[in-house]
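# Structure at a glance
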Amino acid sequence: MARKKSAKWTKKDLLGLEYLSQEEIDLILETAESFKEISERPIKKVPALRGKTIAHLFLEPSTRTRISFELAAKRLSAYTIGVSGSSSSILKGETTKDTAKNIEAMKVDMIVMRHSASGAPYILSKAVKAGVVNAGDGSHEHPTQGLLDLFTIKEKKGRISGLNVSIIGDISHSRVARSNIWGLVKLGANVTLCGPKTLMPVKIEKMGVKVTYDLDEAVKEADVVNILRIQLERQKSALFPTIREYVRKYGITEEVLKRNRKRDVLIMHPGPINRGIELSQNVADGPYSVILEQVTNGVAIRMAVLFLLSQYKGGK
Amino acid sequence: MSILIKNGRVIDPASKIDGQYDILVEDGRISKIAKDIKEKTANVIDAKDKIVSPGLIDIHVHLREPGREDKETILTGTRAAVHGGFTSIACMPNTTPSCDNAGTVKFIIDKARKVHMANVYPIGTLTKGRLGKELAEMADLKESGCVAVSDDGDSVPDPSVMRRVLEYASALDLPVICHCEDISLSKEGVMNEGFVSTILGLRGIPNKAESVVIQRDIELAEISDARIHIAHISTREGVDLVRTAKKKDIKVTAEVTPHHLALNDQCVKTFDTNTKVNPPLRTADDVKALKAGLKDGTIDIISSDHAPHLDSEKDVEYKYAPFGMIGLETSLAVSIMELIDTKVLTWPQLIEKMALNPSNLLGLKRGTLEVDNAADITIIDPKAEWTYTKDMVMSKSINTPFLNWNFKGRAVTVISGGKIVMRDNKL
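Residues numbered from 1 in each chain as written. Chains lettered and ligands numbered in written order. Predicted model: local features only at pLDDT ≥ 70, side-chain atom pairs only at ≥ 80, totals over all residues. Heavy atoms only, no water.

### Considerations on the overall build of chain A
When helices and strands are tallied, chain A shows eleven helices and nine strands. In terms of overall size, chain A behaves like a compact globule, its C-alpha atoms giving a radius of gyration of 19 Å where 316 residues would be expected to give roughly 20 Å. Oriented by its inertia axes, the alpha-carbon framework of chain A measures out at about 55 × 50 × 40 Å. When each of the 316 residues of chain A is scored for burial, the buried share is 59%. A separation threshold of at least 6 residues defines the contact pool for chain A, and within that pool the share at least 24 residues apart is 73%. Of the roughly 13,800 Å² that chain A leaves accessible, carbon and sulfur atoms contribute 52%. Of the charged side chains in chain A, 50 are positive and 34 negative, and the gap between their average positions amounts to 4 Å. (Helix = DSSP H or I, 4+ residues; strand = E, 2+ residues; numbered from the N terminus. Rg over C-alpha atoms; globule rule 2.2 N^0.38 Å. Buried < 20%, exposed > 50% of the residue type's maximum accessible area, 1.4 Å probe, protein only. Contact = heavy atoms within 4.5 Å. Areas by Shrake-Rupley, 256 points an atom, 1.4 Å probe, with all protein chains shown as cover. Lys, Arg positive; Asp, Glu negative; His and termini not counted. Charge placed at Lys NZ, Arg CZ, Asp CG, Glu CD.)

### Quick word on the overall build of chain B
Helix and strand content of chain B: 13 helices and 18 strands. Based on the C-alpha atoms only, the size of chain B along its principal axes is roughly 65 × 45 × 45 Å. When each of the 427 residues of chain B is scored for burial, the buried share is 62%. Summarising the internal contacts of chain B: among those between residues at least 6 apart in sequence, 74% fall at separations of at least 24. Of the roughly 15,700 Å² of accessible surface on chain B, 50% is carried by carbon and sulfur atoms.

### So, the pairing of strand 2 (residues 17–26) of chain B
All names here are of chain B. With eight bridges joining them, strand 1 (residues 3–12) and strand 2 adopt antiparallel strand pairing. Bridge assignment links Val 10 to a residue of strand 2, and that residue is Gly 19. Following strand 1, the chain reverses through four residues before pairing antiparallel with strand 2; Lys 16 in that reversal takes a positive phi of roughly 55 degrees. Two strands pair when backbone bridges link them, and strand 2 and strand 3 (residues 29–34) are joined in this way by five bridges, in the antiparallel orientation. Bridge assignment links Val 25 to a residue of strand 3, and that residue is Ile 30. Hairpin geometry of strand 2 and strand 3 is characterised by an intervening segment of two residues between the two adjacent antiparallel strands and by a positive phi of about 50 degrees at Asp 27. (Pairing = 2+ DSSP bridges.)

### Looking at the packing of aromatic side chains
A complete count under the given rule lists ten aromatic pairs over all chains for this structure. Arranged with centres 5.4 Å apart and planes meeting at 50 degrees, the rings of A:Phe240 and A:Tyr246 form a pair that is tilted. A:Tyr246 shares its class with A:Phe240; the two are buried. Here the aromatic residues B:Trp386, B:Tyr388, B:Phe402, B:Trp405 and B:Phe407 are joined through ring pairs into a cluster of three or more. Positioned over the ring face of B:Tyr21 is B:Lys35, at 4.7 Å from the centre of the ring. A cation over a ring is seen here: B:Arg410 above B:Trp386, with NZ or CZ 4.4 Å from the ring centre. (Phe/Tyr/Trp six-rings, centres within 6.5 Å; stacked < 30°, edge-to-face > 60°. Lys NZ or Arg CZ within 6 Å of the ring centre and 35° of its normal.)

### Let's talk about the confidence of the model for chain B
Summarising the model, chain B shows a mean pLDDT of 97, and 100% of its residues fall at 70 or more. Reported for the predicted complex are a pTM of 0.95 and an ipTM of 0.94. (pLDDT = per-residue confidence, 0-100.)

### Let's talk about helix 8 (residues 236–247) of chain B
Residues and elements named next belong to chain B. Along its twelve residues, helix 8 runs 17 Å from first to last C-alpha, staying within 8% of the 16 Å computed at 1.5 Å per residue. If you check which residues of helix 8 are buried, you get Gly 238, Val 239, Val 242 and Ala 245. Along helix 8, the residues classed as buried sweep out an arc of 130 degrees about the axis, all on the same side. Its buried side turned inward, helix 8 meets helix 7 (207–224), strand 13 (228–230), strand 14 (252–256) and helix 10 (284–295). Backbone geometry just after helix 8 places Asp 249 at a positive phi near 60 degrees. (Expected span 1.5 Å × (residues − 1). Arc of directions from axis to C-beta.)

Here it is, written out as structure tokens:
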């Protein structure tokens, strides 16, 4: 619980890791450290957000992130309401902004938003006084996933600076990749991206990362391998030839990991996993995998984020 | 009634005049340009410290009428035009119904006459219903008053249809305005493809989606001997292709919009849907190439691509918003800021690209202050400082990223066909 006094939280919203400084990221990670223990208690509840109302506006399907946010809010004693895409008036033609404005009119303190369109939480944050947490927007950012990945790496390796972190798979469509890259680069990791060229967005090197299309190259010196989910339907838009070829070129198996020169590589995945495709069964459940620990840490990270945002005093 | 404009800096690129003169307007025509005209009966406008220019002409405007009068009408659109200093505009045919028939052309012309603000010149479609399949009745369109043809908003996807379009139009001496976009390359794109689209996770539209079709249309213009005009050019590649084609004496001209000069893809970082426009805001490097193209004459014309949309349509997530921004009222000010203040163009060169060249392309016989010409005159105060605020917008829509920008220089008085349609910024 030794929190440094160096950084203070000064933001209404958490929209992405692009918008955070290294100090702010450190502050969230340190705060999460102190919250993690709460989930280990028999009575998993503290009064930090008592009397606060948080709306979970999930306009795109989500299981893990949604449950994680719900648990985080409830363990901090916040009152939560959930709105999902299929039950909302979005289907009746109401715009997202109107839905959010209406929720706010009922005096909600924070809105956690998942949306299929990049930038939706950003636009929302400018329209409402409530704090907005981006729970994943299009291919843009998924900041709490990025933060929980950083937390997990730091917990296991004791540091982030100087580590070699490789992110494998469909970088183009991945908000997880973008949030990870921003965070890792800001905290001083050496990031390598690897995947088919058709799934590598243009000019991504300008984020300060290395790009390779050769999996061995990406795995060889890696301290951490973060594997992204491959959307099987991408094959239909001519982005890769077959699942078979994808598995052969980019699937992470024990065979591939044998070529890793570090003895204690971390295997991460944001889930849900396509077992036997981007990640073999053995590796997913193997000794290097920290996939379930990522999920555990996700709750602590989201508790920290909700707590810090509730401390925001307004821009007067 | 006669009008006497005194003491202004008269700039008329057609007659190569740039100096202090008086201009006398009688019976709707320019009757005299000389030093110190004395005319007792005239309505006198003092243009001291102002620029007296031929009425500006914008050849790329979406008036939305008929069909989408909720976004803009011929009345509100021409009021916005005059407010921005334009005495003539050409309107694009992507209305509902599309302007692919003489009836729609006549409707637009009649309505514009009644309104009597700016002159309105309809542009007809290339293909029936803008569907890219069958040729529109271009001869009939021309006879009823169309000055050019275009399927603006879309390219004609089939090269062989495009070839026939160009052949047919060239026999009628109609310029063909080409919207150059390969829709399979731009598919689902909402902004420029580059580093910014990568970090925002928005689908990109590559430069090549524009340049492959510019290349195609130049090739087809060469074999059909047609006159083509490249609309809203936005890429370095596009400018290079037009420059090369001009050297080969292919009949190609090009236009650029002020927003492609003043803004770039960095502006999309706020997810402001008013920055969503087609072609998209490109990179700073493309902007550099566009300015160089204006300077060396590769790009002939500045036009706004004024594209009104409802607030409610724009007030959505970036990927769901329609493309387009209004521009008639900021076109001149943005051009001054980007081209005059930065010494890319001189005043006579800017006026050439905003009046004379547009007139020449469409054969309007306007865009000059030579004696006996229709008295279309725009008086510009190059030093006027102003802010573009919501309440001054004359267009029916307010979809512009330039709202609340501060500008220096604007049209203050506009004479259209000898009638003062705006005086001291009052319509």
